[in-house]
Amino acid sequence: MKDWLPVFKLARKSLLILAGVLIFSLFLYFGSAHLQKQLSADLASQQAQIAAEEENLGQKQKDLDNILSHIQQFQKLQQKGLIGAARREGWVEQLIASRKQLGLPDTLAYTLKQPTPLREGAAPEDAAAATTPTPSNAPLAHNLEFELRNIHEEEFLSLLKTYEGKVLGRFRVQSCRITEPSPTGLTAQCTLRFFTMPQKPAGQT
Amino acid sequence: MKSLLYLASSGCQLWCKDKDGWRISTAEPTEPVWVVTDLPDESFAEIEMPRLFGRDRSTFIARQLASRFPDTPYRTALTPHHVSGLMERLAPTHQLFLGISSPERLDTEIGERPITGVWPISLLLTHFCHSRKLPAELLVVLPSPEALRIVFLKKHTPLLTRLAPVANDIRVQAEEIIRTRRYLENTRMIERGQTCPVLLLGDAGAFANPLASAQMTLIAPPAPWDTHPPADWHLPLFDLALTCPAGQIAPIGRRTDFLAKRLRLFALGAAALLMLTSLWAASGNLSVILNTLRQQEQAKTKVQQLQSNITELEQKTNSFGVDPELLRRAITLDEQEVASAPAIADHLQSLSQVLSGFPELRLKQLEWRLLATGETACAKTAGSTVPAAAETPPPAEGEAKRLVELEFEISLPDTYGPGDQARVLRQISQQLGKIKGIALAQDPARELDQGVLQGSTTSTAEKRQHWCLSLPGSTKASAKATEAKP
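About the thresholds
- Residues numbered from 1 in each chain as written.
- Chains lettered and ligands numbered in written order.
- Predicted model: local features only at pLDDT ≥ 70, side-chain atom pairs only at ≥ 80, totals over all residues.
- Pairing = 2+ DSSP bridges.
- Helix = DSSP H or I, 4+ residues; strand = E, 2+ residues; numbered from the N terminus.
- pLDDT = per-residue confidence, 0-100.
- Contact = placed C-beta atoms within 7 Å.
- Axes fitted to C-alpha atoms, helices over the stretch in contact; angles between N-to-C directions.

A. Seen up close, the pairing of strand β3 (residues 140-151) of chain A. All names here are of chain A. Pairing geometry for strand β1 (residues 109-112) and β3, over 4 bridges, is antiparallel. By the bridge assignment, Y110 is partnered in β3 with F146. As paired elements, strand β2 (residues 116-117) and β3 share 2 bridges and run antiparallel to each other. Of the residues in β3, the one forming a bridge with T116 is A141. Here 10 bridges tie β3 to strand β5 (residues 185-196), and the two strands are oriented antiparallel to one another. Bridging across to β5, L144 finds its partner in L192.

Here it is as structure tokens:
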């Protein structure tokens, strides 16, 4: 091997070129393979981002369409007091005012119970017994129980209709009991269930 | 132009080959020259050796070569031709050496001149006669004006070479050939009395008679020389030398320039080949990379476009000042819980229509109650045998089932006998049954057939009858509202 050293020295430049090309070739092959793998992973990530953005865009479009088609209804509900803080004293005052407006006997007794969080698809009675906590912005149900004596059936229905038209709140008749018919009228006991939707605190998304 | 230095016992000649062929040159070449020797002290030596492998084998051969040709660097080991068997090919037990025992003449003639290698004429003659068409045992004779080169091949392997210093005399040269044959017979290299083929590279016709008398037959040279023999048989051997056949004997130190040039060419060729191969091998990856980069650019543009669209939609949405989620939940809540709730007035009106046909009856008590989801109507009513939900028609798809429980009590006049009572009860139940979707859970008319009938002629108390039923109040689910976000 020692005899070959002068030969290698004379051909040193070409051998260095060969070594350089060898290193470059290895770098080119394995480097390009690595780069290809890396770029493919990046592309997959970008495609996943596109899919997510498309889904987000679809959701935003649905939200906008929903707003466009329901904004007037929503504004009416806002005006009716469904959204925001509950005007509980106003509900009671309006009940008294409606009774007075219709000239019904002064036999009204009412109880506005404390609000109960309402879970989606569950009754307020169930929500109280639920083990899972309800979210802070869950809708609230308020039961307003009242009793009127010595009124007639038509007067009672008229009271409900008048009250529904004037009260700033959205409610439904949950139950009614009509008893003790007499010549002076009957006794009506009803439960009206009001619903309110708390707005999110400022800054909360 | 390639140059060749021919060293013979009589002198030294520098030949060069151009497009016109070989000619003697006087100009000193700048490139390494091929050296062909025809000296008297070149010789073959054959040894037997154990079957060794690897470094042991190369060390043993180097030691044996040094002992056979101790005073010269011009020596080499040749692999014998025509060995049979795999083991004999891998590690032959016969080894052939070739060398020029006195190097002074070579060193003097070559001087500092760069050379490609040194090929003894005996070696070139061996390669020249390598054709299988020639006999395996052959005496090759190359006459020249000053001497006669004789090489004996056995099984195409050279065993003997000698340079007879005889002048250009046919008779004397023939005698030298016959003398060589006798030597071979004496050393049992050939059988005595056996016809010995001779390849005579020269004027063979003049040797025919003397050699025939010694049982030696002249054979024709290999193609294409059999039809067109050259004027000087050294020239085909020079051509053979230019191909650098195996077996040159010069040490590496003498061939440095040539080997370096060959190595440079090899390295550059290999580098070019390697570059092309790597480019070819990486072309697939590079193509994919370029394609991926293009796709990434497109994806980037698409993401920007999508984000721009999203921003635009968000701006439009924000212009309403409404949280979309709040809107969706508010609309859903109102539609599910309030707007779709059945009205008590409608149900009371339906009941009023039923009872209007019986003016003598008095409604004593009524309870209207919205049932919770899944709650059974009239569950607390005693005597309830049929669950209301079982008789309720199934809700249409997309509708949530909401039921109202209606319970009422009617008093009958005490003047009614059992027959009148039964008729009125059946008529009322029949009228109630006409209300769409109604399910009677407690029905006094049904108890007439299955229950206990009780009464008294002395009692003046009013007779009360109790109905409990469920009425449907379907609610449209908020299909219009946006689906909930995950």
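B. Representation of the confidence of the model for chain B. All names here are of chain B. Within chain B, residue pLDDT values average 85, and 90% of them lie at 70 or more. Across residues 382-398, where pLDDT falls below 50, the model places 29 contacts with residues more than four positions away in sequence or in other chains. Contacts of residues 474-486 to residues separated by more than four positions or lying in other chains number 33 contacts, the stretch itself having pLDDT below 50. This prediction of the complex comes with two scores: 0.60 for pTM and 0.81 for ipTM.

C. Summary view of the sheet that holds strand β2 (residues 11-18) of chain B. All names here are of chain B. Strand order in this open sheet of 5 strands is β3-β2-β1-β4-β8, and the pairing throughout is mixed. Of all the strands in the sheet, the pair left with one neighbour each is β3 (21-24) and β8 (115-120). Neighbour-to-neighbour, the strand axes of this sheet turn through a mean angle of 25 degrees, independent of strand direction. Across 5 bridges, the pairing between strand β1 (residues 2-8) and strand β4 (residues 33-38) is parallel. In the sheet register, Y6 faces β4, and the bridge partner there is V36.

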